[in-house]
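# Descriptive structure summary
Read off the chains here:
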Amino acid sequence: MASTRIMSALPIGQNSPQKPPHGLYAEKLSGTAFTAPRHENKQSWLYRILPSCAHPPFQEDKGGPFNSDKPYDASKLQYIPNQLRWDPFDHDEQTDFVSGLRLVAGAGDPTLKQGIGMYIYAAGKSMDERTAFYSADGDLLIVTQDGVLDIRTDLGWLLVRPMEICVIPRGIRYQVHLPSGPVRGYALELYQGHFTLPELGPIGSNGLANARDFQAPVACFSEDSGATAAEGPNTYTITAKFNNTLFKTQQSHTPFDVVAWHGNYYPYKYDLGRFNTIGSVSFDHPDPSIFTVLTAQSDHAGTAVADFVIFPPRWMVAEDTFRPPWYHRNTMSEFMGLIDGVYDAKKGGKGGFMPGGASLHNVMSGHGPDADSYEGARNAELKPVHFGKGSCAFMFESCLMVGVTEWGLNTCQKVQNAYVDHSWGSVKVHWKKPEGASADGHLLK
Ligand SMILES: [Fe+2]
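Residue numbers here run from 1 along each chain, matching the order of that chain's written sequence. Per-residue local features of the predicted model are confined to residues with pLDDT of at least 70, and side-chain atom pairs are confined, for both listing and counting, to 80 or more; whole-chain, interface and lining totals are unaffected and use all residues. With hydrogens and water excluded, all non-hydrogen atoms of the structure serve as input to the side-chain values.

Labelled according to an unreviewed UniProt entry, the protein chain appears under the name homogentisate 1,2-dioxygenase, originating from Apiospora rasikravindrae. UniProt positions are given in the numbering used here, feature names are shortened, and annotations may be inferred rather than shown by experiment. You can read under Cofactor (unreviewed entry) in the UniProt record for the protein chain the words "Fe cation". If you open the UniProt record of the protein chain and go to Sequence similarities (unreviewed entry), you find "Belongs to the homogentisate dioxygenase family."

Here it is as structure tokens:
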């Protein structure tokens, strides 16, 4: 991938000429170790007016939402086996995207480059035009739920609307604008590796999310370099998220001065409406892994640190089968959100699974359709139906046991205390012992 605002700004045939075109600086952005295998290797070359290193030292932002009492320390996460569900999270018109990020749950440790963080964001203000943010902790997958994000990155702009997602890789600097007003959504930070498309196996060479539908930004730059690079007024604020702590510095020159770039390490967006949904046309729906948009594998092949899975509108045609998700217990943890509409195994409406809310079914915590949904599906006439027009639920699924933050468990005040009782307190007994069976289950002759 390559993009340049001025045709002659991108060096041809080499990456680091003695004097890059037009007096630009060449800067390499490495998303993997230099020596990572070719199929994993992610690097981009940026041609910019001034290099990123030209700034005074960072200082800890002691008043920031990540910092006041280190609420996101891994040691403060609470690991509990209970099924959890949250009412829709509040909008917050006082915050911008960064100050409106709230860690709900997570696992692992960004210093070891292992694990994930699961966020809710809510914001009412665009970030200041003289600010930029980056995370050294991981790649951020953003799932918009309400409102539009117009994201200016090092490498250009991404407009991300509801039913679209974007991924901002580790280290990319960005600034989030809110062209349609207040926003709310979900985000998943990946401390290890990068998101990739899942293998397709017997599906073949097309299907699910197709590579051609992912969109990268076009290079875009500003020219404000301060009075001089070193001595101009320091009016641009750079905020770094580093081990779940925010640091700030101020510099005299715009961080958005990349005139040209090339490589395979860049932010991107994807329209979930382009997902080619595949399912059963005979009986028994496949595992929900069939809905995986992006995955990040652990060191064990086939086992994901994070899968991003969607449940989009689709035809249901399977015969003589239970069409919604079955009851199950899973070695993986499942954090779900609802972008819009209803989910086929849960009641919507107040006290149910609602857009902007969430649920967490942790490692081996039993879950499945609520009692009413089960009875409805058990008795439904199984004619072909198109399910979920205008709806889309999603899941962040992980092989890791997920801990919940104090904010997620208490401060947000959105946990539905009656979730379990409302969902499964009234599951019916359908069991009828066959005639002739003894009390211990043996058949009597
Ligand atoms: Fe599940």
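Let us look at the packing of aromatic side chains. The pairing test for Phe, Tyr and Trp rings, Trp by its six-membered ring, is centres within 6.5 Å, and the orientation test on the planes gives stacked under 30 degrees, edge-to-face over 60, and tilted for anything in between. With the rule as written, the count across this model stands at 22 aromatic pairs. A ring pair is formed by Tyr186 and Phe394, whose centres lie 4.7 Å apart and whose planes are at 70 degrees; its orientation type is edge-to-face. Separated by 208 residues along the polypeptide, Tyr186 in strand E14 (residues 183-190) and Phe394 in strand E25 (residues 392-398) bring together distant segments of the chain. No difference in accessibility class separates Tyr186 from Phe394, as the two residues are buried. One aromatic cluster in this structure is built from Trp86, Phe89, Tyr186, Phe308, Phe335, Phe394, Phe396 and Trp407. Two limits define a charge over a ring: the Lys NZ or Arg CZ must be within 6 Å of the ring centre, and within 35 degrees of the ring normal. For Arg130, the ring lying beneath its charged end belongs to Tyr236, and the centroid distance is 4.6 Å. Segments assigned H or I by DSSP are reported as helices when at least four residues long, segments assigned E as strands when at least two residues long, and all are numbered from the N terminus. Residue exposure (1.4 Å probe, protein chains only): buried if accessible area is under 20% of the type maximum, exposed if over 50%, otherwise partly exposed.

Our focus in this paragraph is the nonpolar core. Most often, soluble globular proteins keep nonpolar side chains buried together rather than apart. Core analysis: the biggest nonpolar cluster contains 88 residues, and Trp86, Phe97, Leu149, Phe195, Phe308 and Phe396 have the highest contact counts within it. In terms of domain composition, this core takes at least three residues from each of domain 1 (58-76 + 90-258 + 266-271) and domain 2 (272-424). Residues belong to one nonpolar core when they are buried, are Ala, Val, Leu, Ile, Met, Phe, Trp, Tyr or Cys, and are joined through side-chain atoms within 4.5 Å. Core analysis: the second largest hydrophobic core is formed by seven residues, Ala9, Leu24, Trp45 and Ala260 among them. For each domain, the first and last residues come from an automatic or database assignment.

Now for the sheet that holds strand E23 (residues 358-361). Should DSSP find at least two bridges between two strands, the strands are taken to pair. Across the sheet, six strands lie side by side as E5-E23-E22-E25-E20-E19; this open sheet has antiparallel pairing. Pairing within the sheet leaves two strands with one partner each, and these edge strands are strand E5 (84-86) and strand E19 (292-297). Mean inter-strand twist for the sheet, computed between neighbouring axes without regard to direction, equals 10 degrees. Two strands pair when backbone bridges link them, and E19 and strand E20 (residues 304-311) are joined in this way by five bridges, in the antiparallel orientation. Axes here mean lines fitted to C-alpha atoms, for a helix over just the part in contact, with angles spanning 0 to 180 degrees between N-to-C directions.

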